[in-house]
Protein chains: 2
Amino acid sequence: MNVFWSRGYHATALPDLLRATKLSRGSLYAAFGDKHSLFLRSLDRYIANALTRMDIELDPRREPVDGLRAYLAGYVDRTSGANGRRGCLLVATAMELAGQDAEVDRCIGSFFKAMEARVAHALSRAKAAGKLADGVEPSSAARILVCFVEGLRVVGKTAPTRITSQATVDALLDRFIR
Amino acid sequence: MNVFWSRGYHATALPDLLRATKLSRGSLYAAFGDKHSLFLRSLDRYIANALTRMDIELDPRREPVDGLRAYLAGYVDRTSGANGRRGCLLVATAMELAGQDAEVDRCIGSFFKAMEARVAHALSRAKAAGKLADGVEPSSAARILVCFVEGLRVVGKTAPTRITSQATVDALLDRFIR
DNA sequence: GGAATTAAAGACCATTTGGTCTATATATCA
DNA sequence: TGATATATAGACCAAATGGTCTTTAATTCC
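Thresholds, definitions, all that
Residues numbered from 1 in each chain as written. Chains lettered and ligands numbered in written order. Predicted model: local features only at pLDDT ≥ 70, side-chain atom pairs only at ≥ 80, totals over all residues. Helix = DSSP H or I, 4+ residues; strand = E, 2+ residues; numbered from the N terminus. Contact = placed C-beta atoms within 7 Å. Nonpolar A, V, L, I, M, F, W, Y, C, P; charged D, E, K, R; others polar. Least-squares fit on C-alpha atoms with pLDDT ≥ 70 in both. Near = placed C-beta within 6 Å.

Draft legend 1. Molecular detail of the overall build of chain A. In terms of regular secondary structure, chain A is built from 10 helices and 0 strands. Element order for chain A, N to C, with α for helix and β for strand: α-α-α-α-α-α-α-α-α-α. Oriented by its inertia axes, the alpha-carbon framework of chain A measures out at about 60 × 30 × 30 Å. The long-range fraction of contacts in chain A, counting pairs at least 24 apart against all pairs at least 6 apart in sequence, stands at 65%.

Draft legend 2. Quick look at the interface of chain B and chain A. Between chain B and chain A, the contact holds 41 residues from the first and 41 residues from the second. Broken down by secondary-structure element, the contributors of at least two residues to the side of chain B that touches chain A are α7 (89-97), α8 (102-128), α9 (138-158) and α10 (162-176) of chain B. Top element by residues in the side of chain B that touches chain A is α9(B). It accounts for 15 residues. Split into classes, the residues belonging to the side of chain B that touches chain A amount to 21 nonpolar, 11 polar and 9 charged.

Draft legend 3. Fine view of the relation of the copies chain B and chain A. For the match of chain B to chain A, the screw axis carries a shift of 0.0 Å, the RMSD comes to 0.0 Å, and the turn is 180°. With respect to symmetry, the two chain copies, as superposed, fit the operation of a two-fold axis. When the interface residues of chain B are mapped onto chain A, 100% of them again lie at the interface, so the same face is used by both copies.

Draft legend 4. The protein's contact with DNA strand D, seen in detail. Surrounding DNA strand D, one finds 13 residues, the nearest of these being A:Ala13, A:Gly26, A:Asp34, A:Lys35 and B:Ser27. Counting residues per element, the ones that place at least two in the surface near DNA strand D are α2 (14-21) and α3 (25-32) of chain A together with α3 (25-32) of chain B. Residue classes in the surface near DNA strand D are distributed as 5 nonpolar, 4 polar and 4 charged.

So yeah, pure geometry; function would need other evidence.
Given below as structure tokens:
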């Protein structure tokens, strides 16, 4: 997973994968079939990680606003410094392969939907608790947040400065939270 | 430019470029040096197009809020349907090459700064005209908008539905405009 | 210990990659 | 028309690509 993450699909060559998996050529093909299948497994794993992380951050037993703060703080972290420069396997794959690989399309599309649903759920709990600013509607606000964090990852590739990311996140949240 | 735009740097092979430019191998190398230089020229052109488009949309002689609406409408358009699926050369390049190609880093970093500056300028004019919601600060709001639109491009790769994009943009603008 | 299974190393393959070079055709200009 | 410059087509190149296969080593099981 890590190799694809750092370099992208096309830029990752077989030797890179062999080095990373410490497998021989034969064993790698016996275990995973081919490069594409291995990539799909990596992507699945990456997505599963992201989703479980969100489930922790946005746990229904926590204060929803705290959860959203934690969720966004995670993105600040992942778009700062070396993490930022490394980028995001999901966004990179979306830009590199979406529209040309049906399987990838499915994975990524469903991930964005799942993420949006989780954020929307947290937002509606926040709304029920009277913590949302007037006129904020959870579902569209969730879509805004999803776009925003993915955009952060893009901008974070070239300008991964923690303080401005954090300030930007705070400013955004400020428009939604009472 | 169009070939790189549709397929990305690594996925674009020499034959693709020959077909697109209608040049022979020899002529292409005589004219552009190599694949990398040609790519850089494409990227420059793409960026120049984007910047002049923004200069029109956010023209200081127009109402700043109208300008911002036009600017965002452009992104709705570019992230919907076939346009959305095609994606964005800039975002794709950021994810594919940033951090591995100094020239690309420079181009993209300066583009984001330029875009942010233009948006910030429009926002501060809007603020001066009393059109901004309380507590909105132009520079951080500009950063938010830049991240948001770039995120739209990412999400638009797999879910390029115009109505939801438009609704999301409207909902976001609603948090900033009085 | 010895047979059988498993995995590692890497030779090997066809194809494709980016890039060069030569031979031919086309256009330019005196 | 005839000499010269220009651009074409495409042969050609070494290197790298993803993928297979055989040979050798290590492990497992009886």
